[in-house]
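As a plain string of letters, each chain reads:
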Amino acid sequence: MDRAATGLGGGAVDGALPVQGSAVVPAPPARPAAPPGPSLAERLLDGIAEGVVACDAHGIVRSANTTAVRMLPDLRVGELSVAAMQVLRTAVADAPDADADAELALDGRAIAVRRRSQPGGWTAWHLRDVTEERARLDSLLAERARSRFLAAASSRLGLSLHPGRTARAVAELAADELADAAVVVLPVHGGTVDWYRCEHDGPSSVGRASARDLPGPVARALAGLDTGPQLLLADELDAEPWRRTGAGVSGAALMALPGNGKPAGVLVLLRSGAGDGATAASGGPDVELVEEFAQRAGIALAAASLYAGQARTAAVLKRSLLQPDLPLVEGVALGAAYRPAEQGMLIGGDFYDVHPDPAGRGATFMLGDVCGKGVGAAVSTGRLRHSVQALRRLETDPVRLLDLLNDTMLESTAADDDPGFATVVIGTAVPLESGGLRLRLAGGGHPPPVLVRTDGVETVEIGGTLVGAIPSARFRSRTVDLAPGESCVLYTDGVTEARGGIDGREEYGETRLTDLLVGCHVMPAAAIAERVTLHASRWNSAGARDDVAVLVVQAPLHAAPQGASRRHLHSVRAAESPAGGEEGTA
Amino acid sequence: MTAPPTLPTRLESVAPEFFDALGRADEWRACELAVGLLGDGVHPADVLVGLVGAAARRIGALWEAGEWSVAQEHAATCVNERVVAAVGARIPAGGARGSVVVGCLDGEWHALPARIVSEVLRANGWAVTFLGASVPAEHLASYLHQYGPDVVALSCALPIHLPAAHRTIVAAQRTGTPVLAGGPGFGADGRWARRLGVDAWAPGPVEAVAVLDQQPWRGAAPPVATITAASAEYAGLTERRGALVGAAVDALEGFSPFAGPPGNPLGSDPVQDAGQVVDFLGAAVYLSDDGLFADYLHWLGSALGARDISTGGLHAVLGELAAGLHDFPFALSCLRQGREQLRPGFTNGGGER
């Protein structure tokens, strides 16, 4: 300190500083005498943390405070100090103006340099040590990037409950932030594993591999034997899905994704280490970050796998309760539409079914509504439909079929507490020689079917009591003939009791339904069924819906050509039923 | 849907008889003709777009011109759907390119375009599941969670469903599934699709194939509170919907604004017909796009004109709406611009639906 102070001495500069000396150092009014040694201005400058250097027009250093000398030990006042000054001049060499700001590294410290031109051709240099400041900012930015990545990961991983899509999201997130390519391997299932690979900013791919071909570390991590980060050797990286691409993958780290009790998968991070051995060796971006990401990914994958298991069970149980595909019956055209009250469910308390006559003479059909809604009601409809399927082998007459059904339901409801009564229309359709259809309709407390005739519509009042409610129920039947093109429309009360209108409380009603069906004799059965459901649903403006089922039995207007392939009519229905679509891997 | 520039001549020769079969609702003959084309080596996509799609547009035009009744239109459309299924049954199951779920928006019952898209995508190697008409958002979301397809494609024929479309799109994106939107309901240039934040838009089935092939379909970014885009007026309008429809029906003394000579009405139910006008206004307000409502009235005006139905009833409805919405500046400007569309002789080459 002393040495620096004396080095600075000489007093030659005092007062000669062209800088606003008087402004920087206001003359102390009360002090009579100036202190000896270095001038007041210099002593004040020595006391600040910023380095200050002044050079004259010839580049000779005229003043340098203690901090400046500490930063640049070669600096000498009164000399050119070429070596020291060159460091500063190089830092601002690119600046277009005389006044410039730059940053340079000196002995591992970050120094902010500011050059300002002064009157008389002099130059002032201000040097500030910003090492700590930069470090704080860098770590703040890094921390912010980490939390941003983890937050983005959390919100994206929480989106899907599908294991495949979740695994893909994990691979994409990891490939974008943590590696040059990432692979997620899902747990072993039936001797194979599903994997999802994604390149950094690139495409993704999926595949399935045999569990026996997995590299040892991957297999051990999947089995839950290794839980921490592991390394994969180069010779283990020759097979899909961790094959090296392009520049070549020099190394790979892997980490088990913790799940419920056992790993929910394994994350493999591939790094192309070309010319950057340090990154690969150090294990990549940040082991802590990878571990934290793995935690979140594991939770998401475990939740998705849990949901998939439950959904699979529910789908299997639900399958028997879904409305059936309509069979193809010679001489009978059929159409149906179904819209359950609980929209995500596809099942409800309304039902329909059609069974072709084993002898090939027409069909038995039915449509009904068990009391209640949702899953409970759906289970009741399943029982009822299966009862009818069995009973009709013993009895084809609709009225006696209803009698048998009534007894069966009463017996089964006695066993459990389920009230389980229903309104049903059961009918038989037999093609006539003339090309029309003869229907026998038997009803149990159900809204009357509507006949769509060429010259208008009529309702068929059948009457009858609820099915499954009382032992001595009475059922009646009606017989009607349909000419070619004419239809019989069966519907549940979800149609006529749909609430809408101006105040949202008005019922759709039978009159609107019959008005709607006028002129519909030109339409195919399926179009009529859809039209009824459509209008009832549109009417139903006010939130709460009821189940809606519509079954249309029609005497075909256009006979099917002999020997025509009829299977295409099936695919319409099959495509509509999601459960009939692609199946998750079991 | 745009037809390919050159149809195979075989297709052109069949088209008249095919349309005749649709008009008679003869599904056997229609299916036979379409499937016969496949046998002759015509690509399924050409049959679906060039024959079925072209017929669908013609059906719409005949109905709009008042030459066909609603029942005739429904019957022909239904047969057309059967033809799509028949052609689809002869397309081998795809799957190599990925999986797509196709569905119509909640309340959207025009399933034919979505069915055509499904089969065209299948013919191009995609595994396709068609969820049918009017898929509720909850149902779609639970399906997406369960089956995790690569993309969900949503079809919208009428802009009236756009507020519901927004709910469905957000629900799908919340499952991490990218959404491809299509159909004229999203605007001729897809501008409303983009407004609602879909991941991609395609005007027709052929374009949908191209879009699906281009996109990498990587991680859909989670939706960012796009719900706030809804205009503040929309909530108020929805609340008042019942009262507005009631006032309109009262003003017409129970008649439909679209009622004309007996046997030739556009719609039939006064409440639903007046409700449609209110819902189109609602969609315009929701998207803050007065052009949407103007396009609708332009189209409606020409449909009424084709049936010799006076626009007096419609004017009365618009008047009632203006009175009931006196404190809704944007809705009022929609109504004002809409009336312009109904002036005799006014043409602006407006929206074709």
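Basis of the calculations
Residues numbered from 1 in each chain as written. Chains lettered and ligands numbered in written order. Predicted model: local features only at pLDDT ≥ 70, side-chain atom pairs only at ≥ 80, totals over all residues. Heavy atoms only, no water. Helix = DSSP H or I, 4+ residues; strand = E, 2+ residues; numbered from the N terminus. Buried < 20%, exposed > 50% of the residue type's maximum accessible area, 1.4 Å probe, protein only. Contact = heavy atoms within 4.5 Å. Areas by Shrake-Rupley, 256 points an atom, 1.4 Å probe, with all protein chains shown as cover. Phe/Tyr/Trp six-rings, centres within 6.5 Å; stacked < 30°, edge-to-face > 60°. Salt bridge = Lys/Arg side-chain N within 4 Å of Asp/Glu carboxyl O. 1 Å grid on protein atoms, 1.4 Å probe; cavity = no way out; pocket = protein on both sides within 12 Å on 5 of 7 lines; lining within 4 Å. Points joined across faces, edges and corners; volume = space filled by probe spheres on them. Pairing = 2+ DSSP bridges. Patch = residues over 30% accessible without salt bridge, like charges linked within 9 Å, V, L, I, M, F, W, Y side chains within 5 Å. Axes fitted to C-alpha atoms, helices over the stretch in contact; angles between N-to-C directions. Expected span 1.5 Å × (residues − 1).

Asks: Just to check I follow, could you spell out the overall build of chain B for this structure?
Replies: Along the backbone of chain B there are 14 helices and five strands. Burial analysis of chain B (353 residues in total) assigns 57% to the buried set. Sequence separation of 24 or more characterises 74% of the internal contacts of chain B that already satisfy a separation of 6 or more. Surface exposure of chain B reaches about 12900 Å², of which carbon and sulfur atoms provide 55%.

Asks: Can you walk me through the overall build of chain A in this structure?
Replies: Across its full length, chain A carries 16 helices and 23 strands. Expressed as a percentage of its 586 residues, the buried residues of chain A come to 47%. For chain A, the share of sequence-separated contacts (at least 6 apart) that also reach a separation of at least 24 residues comes to 59%. Surface exposure of chain A reaches about 27100 Å², of which carbon and sulfur atoms provide 54%.

Asks: Would you explain the packing of aromatic side chains in this entry?
Replies: Centre distance and the angle of the planes are the two values used to describe a pair of aromatic rings. Residue and element names in this part refer to chain A. If you walk through the whole model with that rule in mind, you get 10 aromatic pairs over all chains. Aromatic side chains F149 and F293 sit 5.3 Å apart centroid to centroid with 35° between the ring planes, which places their arrangement in the tilted category. Of this pair, F149 sits in helix 6 (residues 131-157) while F293 sits in helix 10 (residues 287-319), and the two are 144 residues apart along the sequence. Judged by its relative accessible area of 4%, F149 is buried. Residue F293 is classed as buried on the basis of its relative accessible area, which comes to 0%. Judged by centre distance (6.4 Å) and plane angle (70°), the rings of Y338 and Y352 are edge-to-face. Here Y352 lies in strand 13 (residues 350-356) and Y338 lies in strand 12 (residues 333-339), a separation of 14 residues in the sequence.

Asks: What is the right way to read the pattern of salt bridges from this model?
Replies: Pairs may arise between side chains of opposite charge once their charged atoms sit close together. Under the defined criterion, the tally for this structure stands at 37 salt bridges over all chains. The residue A:E143 makes a salt bridge to A:R146 at a minimum N-O spacing of 3.7 Å. Taken as a pair, A:E143 and A:R146 lie in helix 6 at a separation of three residues, close to a single helical turn. For B:R29, the salt bridge goes to B:E17, with nearest N and O atoms at 2.6 Å. A residue pair is termed long-range when its members are at least 10 positions apart, and B:R29 in helix 2 (residues 27-39) and B:E17 in helix 1 (residues 9-23) qualify at 12 residues. On the accessibility criterion, B:E17 (35% relative accessible area) is partly exposed. A single network of salt bridges, built from pairs that share partners, joins A:E143, A:R146, A:E292 and A:R296.

Asks: Teacher, can you tell me more about empty space enclosed by the protein here?
Replies: One simple way to see leftover space: roll a probe sized like a water molecule over the atoms. Residue and element names in this part refer to chain A. Applying the stated criterion across every chain yields a total of two cavities of 30 Å³ or more. Here the largest cavity defines a volume of roughly 80 Å³. Along the walls of the largest cavity sit R339, P340, G494, A536, S537, N540, R545, D546 and V548, which together make up its complete lining.

Asks: Whenever I open this one, the pairing of strand 8 (residues 204-210) of chain A confuses me. Can you help?
Replies: Remember that side chains alternate between the two faces of the sheet whenever the strand is regular. Residue and element names in this part refer to chain A. The pairing of strand 7 (residues 192-199) with strand 8 spans seven bridges and is classified as antiparallel. Within strand 8, the residue paired with T192 across the bridge is S210. Where strand 7 folds back onto strand 8 in an antiparallel hairpin, the turn is made up of four residues, including D201, whose phi is positive at roughly 55°.

Asks: Just checking my understanding: could you explain unusual backbone geometry for this structure?
Replies: Glycine aside, residues mostly have negative phi angles, and peptide bonds mostly take the trans form. Residues other than glycine seldom take positive phi values, yet A:D107 does so here, at roughly 50°. Relative to the elements of secondary structure, A:D107 occurs in the loop between strand 3 (100-106) and strand 4 (109-117). Residue A:D107 is classed as exposed on the basis of its relative accessible area, which comes to 74%. Phi is positive for B:S134, close to 45°, though the residue is something other than glycine. The residue B:S134 is located in the loop between strand 2 (127-130) and helix 6 (137-147) in this model. Using a relative accessible area of 2% as the deciding quantity, one classes B:S134 as buried.

Asks: I'm lost on helix 14 (residues 509-517) of chain A in this one. Help?
Replies: Along an α-helix, residues three or four positions apart point the same way, because every turn accommodates 3.6 residues. Those residues of helix 14 of chain A lying buried are A:G509, A:L513, A:T514, A:L516 and A:L517. In the core, the buried residues of helix 14 of chain A are packed alongside strand 17 (450-453), strand 18 (456-459), strand 20 (487-491), helix 13 (493-496), strand 22 (506-507) and helix 15 (525-539) of chain A.

Asks: What is the right way to look at a nonpolar patch on the surface in this model?
Replies: Among the surface-exposed residues, A:L137, A:L140 and A:L141 lie close enough to one another that they form a single nonpolar patch of about 260 Å² accessible area. Using a relative accessible area of 41% as the deciding quantity, one classes A:L137 as partly exposed.

Asks: How do you make sense of the sheet that holds strand 8 of chain A when you look at a structure like this?
Replies: Sheet strands associate in pairs through backbone hydrogen bonding, adopting either a parallel or an antiparallel arrangement. Residues and elements named next belong to chain A. Read from one edge of the open sheet, six strands run 8-7-6-11-10-9, paired in antiparallel fashion. Each of the sheet's edge strands pairs with one partner strand only, and the pair in question is strand 8 and strand 9 (230-232). Direction aside, neighbouring strands of the sheet carry axes that sit 25° apart on average. When strand 10 (residues 251-257) meets strand 11 (residues 265-271), the two strands line up antiparallel, connected through seven bridges. Paired with A252 across the bridge in strand 11 is L270. Taken strand by strand, helix 7 (residues 163-177) contacts strand 6 (181-185), strand 7, strand 8, strand 10 and strand 11, and its axis lies near 40° from that of strand 7. Where helix 10 meets the sheet, its contacts fall on strand 6, strand 10 and strand 11, and the angle it forms with strand 10 comes to roughly 50°.

Asks: Where do I start with helix 6 of chain A in this structure?
Replies: If you check helix 6 of chain A, its first and last C-alpha atoms are 38 Å apart, about what 27 residues at 1.5 Å a residue would give, namely 39 Å. Among the residues making up helix 6 of chain A, those that are buried are A:T131, A:R146, A:F149, A:L150, A:A153, A:R156 and A:L157.

Asks: I keep staring at the sheet that holds strand 19 (residues 476-482) of chain A and nothing clicks. Help me out?
Replies: All names here are of chain A. Pairing in this open sheet of five strands is antiparallel, and the strands run 13-14-15-16-19 from one edge to the other. For this open sheet the edge positions go to strand 13 and strand 19, each flanked by a neighbour on one side alone. Going across the sheet, the axis of each strand differs from the next one's by a mean of 15°, ignoring polarity. Direction of pairing for strand 14 (residues 363-370) relative to strand 15 (residues 422-431): antiparallel, over a ladder of eight bridges. Paired with L367 across the two strands is V425, which belongs to strand 15.

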